[in-house]
Amino acid sequence: MLVPCYNEGAQVETAHAELTAALAEICDLEILFVDDGSTDDSLDRIRRLAEADPRVRYLSFTRNFGIDAVMAAGFRYAGRPWTVQCDADLQVPPEEIWTLLAKAEEGYDVVFGRRRGRRDPLVRKAGSAGLHWAARRVFRIDMPRGASTFRLVRTGVARTITELRLPWFIPAVPLVGARYAAVPVTHRPRTAGRSRLRLARLAAHSFELFFGFSWRPLNAVYAAAALGGLLAPVLAVAALFGYGLPLVAPAQLLLSGLTLASVALVGRYLHRLLRDSGRLRSYWIRDSNLAVRPEDTLSGGLPSPPPPARAARLPVGEERISR
(Lines give C-alpha, C1' and ligand atoms only; values in the text may rest on other atoms or scores of the structure.)
Protein backbone atom coordinates (compact mmCIF):
# COMPACT_ATOMS: atom_id res chain seq x y z
CA MET A 1 0.00 0.00 0.00
CA LEU A 2 1.20 3.47 -0.88
CA VAL A 3 -0.62 6.20 1.02
CA PRO A 4 0.33 9.83 0.19
CA CYS A 5 -0.11 12.23 3.12
CA TYR A 6 -0.04 15.99 3.36
CA ASN A 7 -1.56 17.61 6.46
CA GLU A 8 -3.98 14.73 6.93
CA GLY A 9 -4.10 14.90 10.75
CA ALA A 10 -6.44 12.38 12.36
CA GLN A 11 -7.23 10.90 8.95
CA VAL A 12 -3.95 8.98 9.22
CA GLU A 13 -5.35 6.72 11.96
CA THR A 14 -8.65 6.38 10.11
CA ALA A 15 -6.91 5.30 6.91
CA HIS A 16 -4.76 2.80 8.81
CA ALA A 17 -7.77 1.29 10.58
CA GLU A 18 -9.89 0.91 7.44
CA LEU A 19 -7.04 -0.42 5.29
CA THR A 20 -5.93 -3.04 7.80
CA ALA A 21 -9.53 -4.15 8.32
CA ALA A 22 -10.24 -4.43 4.59
CA LEU A 23 -6.97 -6.24 3.81
CA ALA A 24 -6.79 -8.49 6.86
CA GLU A 25 -6.55 -11.57 4.62
CA ILE A 26 -3.22 -10.41 3.15
CA CYS A 27 -0.53 -11.89 5.39
CA ASP A 28 2.43 -9.86 4.06
CA LEU A 29 0.68 -6.48 3.99
CA GLU A 30 2.86 -3.37 3.97
CA ILE A 31 1.44 0.14 4.39
CA LEU A 32 3.90 2.79 3.25
CA PHE A 33 2.93 6.32 4.26
CA VAL A 34 4.77 9.04 2.35
CA ASP A 35 4.58 12.34 4.20
CA ASP A 36 4.93 15.15 1.68
CA GLY A 37 6.39 17.70 4.09
CA SER A 38 3.31 18.09 6.30
CA THR A 39 3.21 21.08 8.63
CA ASP A 40 0.68 19.57 11.05
CA ASP A 41 1.04 16.50 13.30
CA SER A 42 0.65 13.95 10.48
CA LEU A 43 4.23 12.70 10.81
CA ASP A 44 3.95 12.26 14.60
CA ARG A 45 0.77 10.23 14.13
CA ILE A 46 2.46 8.08 11.46
CA ARG A 47 5.42 7.46 13.78
CA ARG A 48 3.09 6.26 16.53
CA LEU A 49 1.37 3.91 14.12
CA ALA A 50 4.74 2.53 13.01
CA GLU A 51 5.72 1.87 16.62
CA ALA A 52 2.49 -0.05 17.23
CA ASP A 53 2.19 -1.85 13.89
CA PRO A 54 5.31 -3.34 12.21
CA ARG A 55 3.47 -3.37 8.88
CA VAL A 56 3.60 0.43 8.78
CA ARG A 57 6.57 2.03 7.02
CA TYR A 58 7.01 5.70 6.29
CA LEU A 59 9.08 8.28 4.46
CA SER A 60 8.99 11.99 5.27
CA PHE A 61 10.20 14.66 2.85
CA THR A 62 12.20 17.72 3.81
CA ARG A 63 9.44 19.92 2.32
CA ASN A 64 6.35 19.68 0.15
CA PHE A 65 7.51 18.30 -3.22
CA GLY A 66 4.14 17.28 -4.72
CA ILE A 67 2.40 14.06 -5.70
CA ASP A 68 4.87 13.16 -8.47
CA ALA A 69 7.70 13.05 -5.92
CA VAL A 70 5.50 11.05 -3.54
CA MET A 71 4.94 8.41 -6.21
CA ALA A 72 8.61 8.35 -7.21
CA ALA A 73 9.73 7.74 -3.62
CA GLY A 74 6.82 5.47 -2.75
CA PHE A 75 7.31 3.09 -5.66
CA ARG A 76 11.07 3.16 -5.19
CA TYR A 77 10.84 2.02 -1.57
CA ALA A 78 7.78 -0.20 -1.81
CA GLY A 79 8.71 -3.62 -0.46
CA ARG A 80 6.08 -5.77 -2.19
CA PRO A 81 5.79 -6.86 -5.85
CA TRP A 82 2.36 -5.19 -6.16
CA THR A 83 1.47 -1.73 -4.85
CA VAL A 84 -1.92 -0.08 -4.42
CA GLN A 85 -1.93 3.72 -4.42
CA CYS A 86 -4.74 4.95 -2.21
CA ASP A 87 -5.31 8.51 -0.95
CA ALA A 88 -5.60 9.00 2.80
CA ASP A 89 -9.02 10.63 2.39
CA LEU A 90 -10.42 7.18 1.45
CA GLN A 91 -13.00 8.53 -0.97
CA VAL A 92 -12.69 5.14 -2.63
CA PRO A 93 -13.52 2.49 0.01
CA PRO A 94 -10.55 0.21 0.75
CA GLU A 95 -12.74 -2.84 0.00
CA GLU A 96 -12.51 -1.87 -3.68
CA ILE A 97 -8.85 -2.92 -3.63
CA TRP A 98 -10.08 -6.48 -4.06
CA THR A 99 -11.77 -5.37 -7.30
CA LEU A 100 -8.40 -4.20 -8.61
CA LEU A 101 -6.69 -7.39 -7.49
CA ALA A 102 -9.26 -9.57 -9.20
CA LYS A 103 -8.77 -7.73 -12.51
CA ALA A 104 -4.96 -7.93 -12.24
CA GLU A 105 -5.22 -11.72 -12.22
CA GLU A 106 -6.10 -11.49 -15.91
CA GLY A 107 -2.50 -10.50 -16.66
CA TYR A 108 -2.47 -6.70 -16.40
CA ASP A 109 0.46 -4.63 -15.11
CA VAL A 110 -1.72 -1.70 -14.03
CA VAL A 111 -5.38 -1.63 -13.01
CA PHE A 112 -6.97 1.81 -12.60
CA GLY A 113 -10.08 2.51 -10.59
CA ARG A 114 -12.71 4.37 -12.61
CA ARG A 115 -14.81 6.35 -10.13
CA ARG A 116 -18.47 5.45 -10.51
CA GLY A 117 -20.81 8.32 -9.62
CA ARG A 118 -17.91 10.56 -8.64
CA ARG A 119 -18.78 12.52 -5.46
CA ASP A 120 -16.69 15.66 -5.97
CA PRO A 121 -17.66 19.30 -6.55
CA LEU A 122 -19.08 20.01 -10.00
CA VAL A 123 -16.23 22.36 -10.92
CA ARG A 124 -13.63 19.72 -10.19
CA LYS A 125 -15.50 17.01 -12.09
CA ALA A 126 -16.03 19.28 -15.09
CA GLY A 127 -12.40 20.37 -15.08
CA SER A 128 -11.14 16.81 -14.92
CA ALA A 129 -13.51 15.65 -17.67
CA GLY A 130 -12.51 18.56 -19.90
CA LEU A 131 -8.83 17.87 -19.28
CA HIS A 132 -9.14 14.21 -20.28
CA TRP A 133 -11.28 15.07 -23.32
CA ALA A 134 -8.78 17.66 -24.58
CA ALA A 135 -5.87 15.28 -23.99
CA ARG A 136 -7.46 12.52 -26.07
CA ARG A 137 -9.29 14.49 -28.76
CA VAL A 138 -7.21 17.63 -29.28
CA PHE A 139 -3.68 16.61 -28.34
CA ARG A 140 -4.03 12.94 -29.30
CA ILE A 141 -2.55 11.65 -26.04
CA ASP A 142 -3.25 8.01 -25.23
CA MET A 143 -5.08 8.28 -21.88
CA PRO A 144 -6.78 5.32 -20.20
CA ARG A 145 -10.41 6.44 -20.09
CA GLY A 146 -11.61 7.28 -16.58
CA ALA A 147 -8.29 6.37 -14.92
CA SER A 148 -7.72 7.77 -11.43
CA THR A 149 -5.00 7.78 -8.78
CA PHE A 150 -6.68 4.83 -7.07
CA ARG A 151 -4.75 2.06 -8.81
CA LEU A 152 -2.94 -1.23 -8.49
CA VAL A 153 0.49 -1.34 -10.12
CA ARG A 154 3.14 -3.98 -10.57
CA THR A 155 5.87 -2.33 -8.49
CA GLY A 156 8.66 -2.96 -10.98
CA VAL A 157 6.63 -1.36 -13.77
CA ALA A 158 5.82 1.63 -11.55
CA ARG A 159 9.51 2.15 -10.81
CA THR A 160 10.33 2.06 -14.51
CA ILE A 161 7.71 4.73 -15.20
CA THR A 162 8.60 7.05 -12.31
CA GLU A 163 12.31 6.89 -13.11
CA LEU A 164 11.50 8.44 -16.49
CA ARG A 165 10.48 11.58 -14.53
CA LEU A 166 7.56 12.29 -16.82
CA PRO A 167 5.07 14.90 -15.57
CA TRP A 168 2.10 12.48 -15.53
CA PHE A 169 1.84 8.82 -14.53
CA ILE A 170 -1.41 7.87 -16.29
CA PRO A 171 -0.40 8.59 -19.95
CA ALA A 172 3.06 7.13 -19.24
CA VAL A 173 1.51 3.68 -18.74
CA PRO A 174 0.53 3.15 -22.42
CA LEU A 175 3.63 5.09 -23.48
CA VAL A 176 5.93 2.36 -22.11
CA GLY A 177 3.68 -0.42 -23.37
CA ALA A 178 2.41 -1.64 -20.00
CA ARG A 179 -0.76 -3.75 -20.03
CA TYR A 180 -3.54 -1.85 -18.32
CA ALA A 181 -7.24 -1.93 -17.59
CA ALA A 182 -9.78 0.23 -15.76
CA VAL A 183 -12.60 -1.08 -13.58
CA PRO A 184 -15.50 0.84 -11.98
CA VAL A 185 -15.16 1.48 -8.24
CA THR A 186 -17.37 3.13 -5.66
CA HIS A 187 -16.67 6.77 -4.85
CA ARG A 188 -17.93 8.51 -1.72
CA PRO A 189 -17.93 12.12 -0.51
CA ARG A 190 -14.96 13.49 1.36
CA THR A 191 -15.58 13.38 5.12
CA ALA A 192 -12.30 14.82 6.43
CA GLY A 193 -9.80 17.44 5.32
CA ARG A 194 -10.06 19.22 2.01
CA SER A 195 -8.77 18.73 -1.47
CA ARG A 196 -5.48 20.46 -2.34
CA LEU A 197 -6.35 20.56 -6.03
CA ARG A 198 -7.43 24.07 -7.04
CA LEU A 199 -8.23 25.56 -10.44
CA ALA A 200 -4.77 27.12 -10.68
CA ARG A 201 -3.12 23.79 -9.95
CA LEU A 202 -5.46 22.01 -12.37
CA ALA A 203 -4.41 24.48 -15.07
CA ALA A 204 -0.75 23.87 -14.27
CA HIS A 205 -1.30 20.09 -14.45
CA SER A 206 -3.02 20.59 -17.80
CA PHE A 207 0.00 22.37 -19.25
CA GLU A 208 2.28 19.62 -17.92
CA LEU A 209 0.11 17.01 -19.63
CA PHE A 210 -0.37 18.77 -22.97
CA PHE A 211 3.22 19.90 -23.43
CA GLY A 212 4.79 16.86 -21.78
CA PHE A 213 3.13 14.22 -23.96
CA SER A 214 2.19 15.95 -27.21
CA TRP A 215 4.11 17.78 -29.92
CA ARG A 216 0.94 19.01 -31.63
CA PRO A 217 1.18 22.55 -30.16
CA LEU A 218 4.71 22.87 -31.49
CA ASN A 219 3.59 21.57 -34.88
CA ALA A 220 0.88 24.24 -34.86
CA VAL A 221 3.62 26.83 -34.33
CA TYR A 222 5.45 25.53 -37.41
CA ALA A 223 2.24 25.80 -39.44
CA ALA A 224 1.59 29.34 -38.17
CA ALA A 225 5.16 30.34 -38.98
CA ALA A 226 4.81 28.98 -42.51
CA LEU A 227 1.51 30.81 -42.97
CA GLY A 228 3.03 34.04 -41.68
CA GLY A 229 5.99 33.63 -44.02
CA LEU A 230 3.63 33.40 -46.97
CA LEU A 231 1.32 36.19 -45.82
CA ALA A 232 3.95 38.75 -44.85
CA PRO A 233 5.24 39.43 -48.43
CA VAL A 234 1.65 39.71 -49.70
CA LEU A 235 0.87 42.32 -47.04
CA ALA A 236 4.06 44.18 -47.80
CA VAL A 237 3.23 44.39 -51.51
CA ALA A 238 -0.36 45.43 -50.74
CA ALA A 239 0.84 48.19 -48.44
CA LEU A 240 3.43 49.33 -50.99
CA PHE A 241 0.88 49.74 -53.79
CA GLY A 242 -1.98 50.92 -51.59
CA TYR A 243 -4.24 47.88 -52.08
CA GLY A 244 -6.46 46.71 -49.28
CA LEU A 245 -5.10 49.24 -46.80
CA PRO A 246 -7.99 48.77 -44.30
CA LEU A 247 -6.97 45.10 -43.95
CA VAL A 248 -3.21 45.59 -43.66
CA ALA A 249 -3.13 46.89 -40.07
CA PRO A 250 -5.41 44.17 -38.59
CA ALA A 251 -3.45 41.51 -40.45
CA GLN A 252 -0.19 42.86 -39.08
CA LEU A 253 -1.61 42.81 -35.56
CA LEU A 254 -2.70 39.21 -36.11
CA LEU A 255 0.78 38.26 -37.27
CA SER A 256 2.29 39.97 -34.23
CA GLY A 257 -0.04 38.03 -31.97
CA LEU A 258 0.86 34.75 -33.67
CA THR A 259 4.53 35.59 -33.28
CA LEU A 260 4.21 36.20 -29.55
CA ALA A 261 2.17 33.02 -29.08
CA SER A 262 4.75 31.06 -31.06
CA VAL A 263 7.60 32.40 -28.94
CA ALA A 264 5.69 31.46 -25.79
CA LEU A 265 5.07 27.91 -27.01
CA VAL A 266 8.66 27.40 -28.08
CA GLY A 267 9.77 28.71 -24.68
CA ARG A 268 7.48 26.19 -22.99
CA TYR A 269 9.10 23.31 -24.84
CA LEU A 270 12.57 24.65 -24.05
CA HIS A 271 11.56 24.67 -20.38
CA ARG A 272 10.49 21.04 -20.75
CA LEU A 273 13.85 20.04 -22.24
CA LEU A 274 15.81 21.91 -19.58
CA ARG A 275 13.70 20.36 -16.83
CA ASP A 276 14.21 16.85 -18.17
CA SER A 277 17.97 17.35 -18.42
CA GLY A 278 18.35 19.02 -15.00
CA ARG A 279 20.14 17.38 -12.10
CA LEU A 280 17.85 18.57 -9.34
CA ARG A 281 16.32 15.58 -7.59
CA SER A 282 12.57 15.35 -7.34
CA TYR A 283 12.66 14.87 -3.53
CA TRP A 284 14.84 14.52 -0.44
CA ILE A 285 13.94 12.44 2.60
CA ARG A 286 14.33 13.80 6.13
CA ASP A 287 12.99 10.92 8.23
CA SER A 288 12.09 7.27 7.71
CA ASN A 289 11.81 3.96 9.54
CA LEU A 290 13.31 1.96 6.67
CA ALA A 291 16.70 1.86 4.96
CA VAL A 292 17.00 4.87 2.65
CA ARG A 293 19.52 5.26 -0.16
CA PRO A 294 22.20 7.85 0.66
CA GLU A 295 21.52 9.91 -2.46
CA ASP A 296 17.92 10.40 -1.35
CA THR A 297 18.89 12.27 1.83
CA LEU A 298 20.16 15.83 2.25
CA SER A 299 23.26 14.61 4.08
CA GLY A 300 24.12 12.04 1.44
CA GLY A 301 23.94 9.22 3.96
CA LEU A 302 26.64 10.63 6.22
CA PRO A 303 26.01 10.64 9.97
CA SER A 304 24.56 13.81 11.44
CA PRO A 305 26.06 14.32 14.90
CA PRO A 306 25.22 17.44 16.90
CA PRO A 307 27.44 20.47 16.30
CA PRO A 308 30.61 20.62 18.42
CA ALA A 309 30.28 22.39 21.73
CA ARG A 310 32.82 24.77 23.20
CA ALA A 311 35.16 22.95 25.58
CA ALA A 312 34.88 23.93 29.25
CA ARG A 313 37.79 26.01 30.47
CA LEU A 314 39.64 24.93 33.62
CA PRO A 315 40.16 27.43 36.41
CA VAL A 316 43.52 29.21 36.38
CA GLY A 317 46.17 27.19 38.21
CA GLU A 318 44.56 23.79 37.70
CA GLU A 319 46.20 21.29 35.41
CA ARG A 320 44.70 18.51 33.37
CA ILE A 321 45.50 15.09 34.71
CA SER A 322 46.10 12.67 31.91
CA ARG A 323 45.35 9.04 32.59
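Under an unreviewed UniProt entry, the protein has the name Glycosyltransferase family 2 protein and belongs to Nonomuraea montanisoli. Under the UniProt heading Sequence similarities (unreviewed entry), the entry covering the protein gives this text: "Belongs to the glycosyltransferase 2 family."

A. Broad picture of the packing of aromatic side chains. Tallied over the entire structure, the rule returns five aromatic pairs. With 5.7 Å between their ring centres and 80° between their planes, Phe 61 and Phe 65 make a pair best called edge-to-face. Taking 6.3 Å as the distance between ring centres and 55° as the angle between the ring planes, the aromatic pair formed by Phe 65 and Trp 284 counts as tilted. Here Trp 284 lies in the loop between helix H10 (245-277) and strand E8 (285-288) and Phe 65 lies in the loop between strand E3 (56-61) and helix H3 (67-77), a separation of 219 residues in the sequence. Ring-pair connections join several aromatic residues into one group, and the members of that group are Phe 61, Phe 65, Tyr 283 and Trp 284.

B. Spotlight on the pattern of salt bridges. All chains considered together, the criterion is met by 13 salt bridges. With its nearest N and O atoms 2.9 Å apart, the salt bridge here joins Arg 45 to Asp 41. The exposure class of Asp 41 is partly exposed, given its relative accessible area of 29%. Asp 109 is paired through a salt bridge with Arg 179; the nearest N and O atoms lie 3.0 Å apart. Of this pair, Asp 109 sits in the loop between helix H4 (97-104) and strand E5 (110-116) while Arg 179 is found in the loop between helix H7 (172-175) and strand E7 (180-186), placing the two residues 70 residues apart along the sequence. The exposure class of Arg 179 is partly exposed, given its relative accessible area of 47%. Via salt bridges that share partners, Glu 13, Asp 41 and Arg 45 belong to a single interconnected network.

C. Structural context of H3. Counting buried residues in H3 gives nine out of 11 residues, a clear majority hidden from the surface. Every buried residue of H3 is listed here: Ala 69, Val 70, Met 71, Ala 72, Ala 73, Gly 74, Phe 75, Arg 76 and Tyr 77.

D. Representation of the pairing of strand E1 (residues 2-5). Here E1 shows two buried faces, one formed by Leu 2 and Pro 4 and the other by Val 3 and Cys 5. In this sheet, strand E2 (residues 31-35) lies alongside E1 in parallel orientation, the contact comprising four bridges. In the sheet register, Val 3 faces E2, and the bridge partner there is Phe 33. At this point the chain moves from E1, through helix H1 (residues 11-22), to the parallel E2, and the crossover so formed is right-handed.

E. Just the environment of Leu 164, in detail. Along the polypeptide, Leu 164 turns up in the loop between helix H6 (155-162) and H7. Exposure remark for Leu 164: the relative accessible area of 45% places this residue in the partly exposed category. Taking the C-alpha atoms as reference, Leu 164 lies 10.0 Å from Val 176; in sequence the two are 12 residues apart.

Basis of the calculations
Residues numbered from 1 in each chain as written. Predicted model: local features only at pLDDT ≥ 70, side-chain atom pairs only at ≥ 80, totals over all residues. Heavy atoms only, no water. UniProt positions renumbered as here; feature names shortened; annotations may be inferred. Phe/Tyr/Trp six-rings, centres within 6.5 Å; stacked < 30°, edge-to-face > 60°. Helix = DSSP H or I, 4+ residues; strand = E, 2+ residues; numbered from the N terminus. Salt bridge = Lys/Arg side-chain N within 4 Å of Asp/Glu carboxyl O. Buried < 20%, exposed > 50% of the residue type's maximum accessible area, 1.4 Å probe, protein only. Pairing = 2+ DSSP bridges. Right-handed = clockwise from strand over helix to strand, strands pointing away.

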